[in-house]
Amino acid sequence: MSDSIKVALLGCGVVGSQVVRLLDEQAEELAARVGAPVELAGIAVRRPQRHPEVPAELLTTDPAALVARPDVDVVVELMGGIEPARDLLLDALKNGRSVVSANKALLAEEGEALAAAARESGADLYYEASVAGAIPLLRPIQQSLAGDRIRRVAGIVNGTTNFILSAMESTGAGYADALEEAGRLGYAEADPTADVDGYDAASKAAILASLAFHTRVTAADVHREGIRDVTATDIASARALGCSVKLLAICEQVDTADGPAVSARVYPAMIPKSHPLASVSGAFNAVFVEADAAGALMFYGQGAGGPQTASAVLGDLVAAARNRVIGGRGPRDSAYAHLPIQPMGEVRTRYHVNVDVHDRAGVLAAVASVFAAHDVSIATVKQEGRGGDDEGHGDGDASPATLVVVTHEASDAALQATVEALSGLEAVRGVASILRVEDLGRPVSALGGAQ
Ligand code: NAP
């Protein structure tokens, strides 16, 4: 057996504390798998007094000094945030230390700089735990599918929003009540912004798109919409169409007039209940990967949690430690393709649009003509609330009604222009909601019930 592999652990919170536990509990097995004992050199935290479970001599509040120690082989970063994690990991990589991180925000923003530092020094940089927690996803994309051509990676990569949307669907609750329930059960943080506004999912989409399409994609390249505006009515409309509403991260390689491009986007969308992603409920994650030769693959499991995420971290740690024992290094990130990002306006999907109108003769024709004028073809239209009471709406001349329009595929720019033009119609009270309808590779005819 070789000399021990020394690990500097940065952060000992939800995930880090589980890494410490598993390293201790599985020490013998890990040593046998790596070919050398794997030992903690030190653990950096902010408040050592909060970690009585950890041997005091391992704790430090000086992560820079820990990373700089000459006996450290691998730095495992589980602090989160951009700084000081970025500088610490750049220093570690420049000095030839291998790095394991679960930090999606950092990888999505600084992936290029970190990969360059790893390339130059020949160190490993692994971050399996940064996307979809316990689910092995990045390694399959990067290694198992390295000989294939990936076309699409799409899925549910944020457990908090999936919990909220699942609760809205199963109980009929509104967004605010479902968010409160998620917070009470520990699925949503006190400040849920990163989750509900789609930032977390956008970081993960950037990482997935970068690996799948060999092109550096950052979180800023990802079109992002959160779930705050999803209403109980939207969920009910989806049900009427045979659909569920999910916050999707969609990364595709698309053919444009100028050649291939990458589309990366995060938004809530209706998907047919018959699609396997529709039955992913609660805090679970699931990702579909479609490749030319392999076809469709689905990865499913727990996308967060201390032990679950620690499992992925330890997988990376074992890989990095093994490489150091045998004196090699693992496959690098490849970003040779340099594909452009497709502007969101060019992205084509179907749409479900609720248009509040004054229920008068000719309103349907007027609305339909606006869609037609912008080249957005209507698949189905249904009128709700006809003959209702207009008391309190102040219109005086006609009952309020809602036109529920489902379109065929149209570009995002065409749909936005349609909505703007609709707002100018005298017969239109307002556009109440717009949700995309994603078929995710299924034939359009698979969407039933929209009559
Ligand atoms: P956490 O519970 O908040 O723990 C963060 C740890 O980092 C704490 O131990 C904290 O010290 C330490 N820390 C923070 N800033 C520091 C600094 N400047 N110097 C020294 N120590 C510092 O976070 P977590 O949930 O374990 O998440 C860690 C990483 O894993 C994040 O990047 C997160 O996105 C990612 N991740 C988490 C999950 C999950 O389920 N939690 C899933 C996938 C990925 P104190 O304890 O003293 O405050």
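Everything that follows concerns the structure shown earlier in this document.
Residues numbered from 1 in each chain as written. Predicted model: local features only at pLDDT ≥ 70, side-chain atom pairs only at ≥ 80, totals over all residues. Heavy atoms only, no water.

Caption draft 1: Representation of the overall build of the protein chain within the structure. The secondary structure content of the protein chain amounts to 14 helices and 17 strands. Scaling as 2.2 N^0.38, a compact globule of 451 residues should have a C-alpha radius of gyration of about 22 Å, and the protein chain matches this with 25 Å. Taken along its principal axes, the extent of the C-alpha atoms in the protein chain is 85 × 50 × 35 Å. Looking at the 451 residues of the protein chain, the share that counts as buried comes to 53%. In the protein chain, of all internal contacts separated by at least 6 residues, the share reaching a separation of at least 24 is 75%. Just so you have it, the protein chain exposes about 18,900 Å², and 49% of that area is on carbon and sulfur atoms. In the protein chain, the 37 positive side-chain charges and the 58 negative ones have mean positions that sit 4 Å from each other. (Helix = DSSP H or I, 4+ residues; strand = E, 2+ residues; numbered from the N terminus. Rg over C-alpha atoms; globule rule 2.2 N^0.38 Å. Buried < 20%, exposed > 50% of the residue type's maximum accessible area, 1.4 Å probe, protein only. Contact = heavy atoms within 4.5 Å. Areas by Shrake-Rupley, 256 points an atom, 1.4 Å probe, with all protein chains shown as cover. Lys, Arg positive; Asp, Glu negative; His and termini not counted. Charge placed at Lys NZ, Arg CZ, Asp CG, Glu CD.)

Caption draft 2: Looking closely at the sheet that holds strand 5 (residues 98-101). Overall, parallel pairing links the six strands, which are arranged 3-2-1-4-5-6 in an open sheet. Strands at the two margins of the open sheet, each flanked by one partner only, are strand 3 (59-60) and strand 6 (125-126). Summarising the sheet, strand 1 (residues 5-10) and strand 2 (residues 38-44) pair through six bridges and their orientation is parallel. Considered in strand 2, the bridge of Val 7 is made with Leu 40. Packing of helix 1 (residues 16-25) onto the sheet brings it into contact with strand 1 and strand 2, and relative to strand 2 it is tilted by some 155 degrees. (Pairing = 2+ DSSP bridges. Axes fitted to C-alpha atoms, helices over the stretch in contact; angles between N-to-C directions.)

Caption draft 3: Looking closely at the site of the ligand. Surveying the vicinity of the ligand reveals 22 residues, the closest of which are Cys 12, Val 15, Arg 47, His 51 and Gly 305. Contact distances for the ligand include 2.5 Å between an oxygen atom and a side-chain N or O atom of Arg 47. At 3.2 Å, a side-chain N or O of Lys 104 approaches an oxygen atom of the ligand. Looking at the shell around the ligand residue by residue, the class counts come to 12 nonpolar, seven polar and three charged. (Near = heavy atom within 4 Å. Polar contact = N/O pair within 3.5 Å; in protein donor to acceptor, adjacent residues only side chain to side chain. Nonpolar A, V, L, I, M, F, W, Y, C, P; charged D, E, K, R; others polar.)

Caption draft 4: Region of the structure containing the pairing of strand 2. Within strand 2, six of the seven residues are buried, leaving the element largely enclosed by the surrounding structure. Both strand 2 and strand 3 contribute to a ladder of two bridges, which runs parallel. Bridging across to strand 3, Ala 44 finds its partner in Thr 60.

Caption draft 5: Local environment of helix 10 (residues 199-213). Between its first and last C-alpha, helix 10 extends 21 Å over 15 residues, near the 21 Å set by a 1.5 Å rise per residue. Helix 10 sits mainly inside the fold: 14 of its 15 residues count as buried. Among the residues trailing helix 10, His 214 stands out with phi positive, at a value near 50 degrees. (Expected span 1.5 Å × (residues − 1).)

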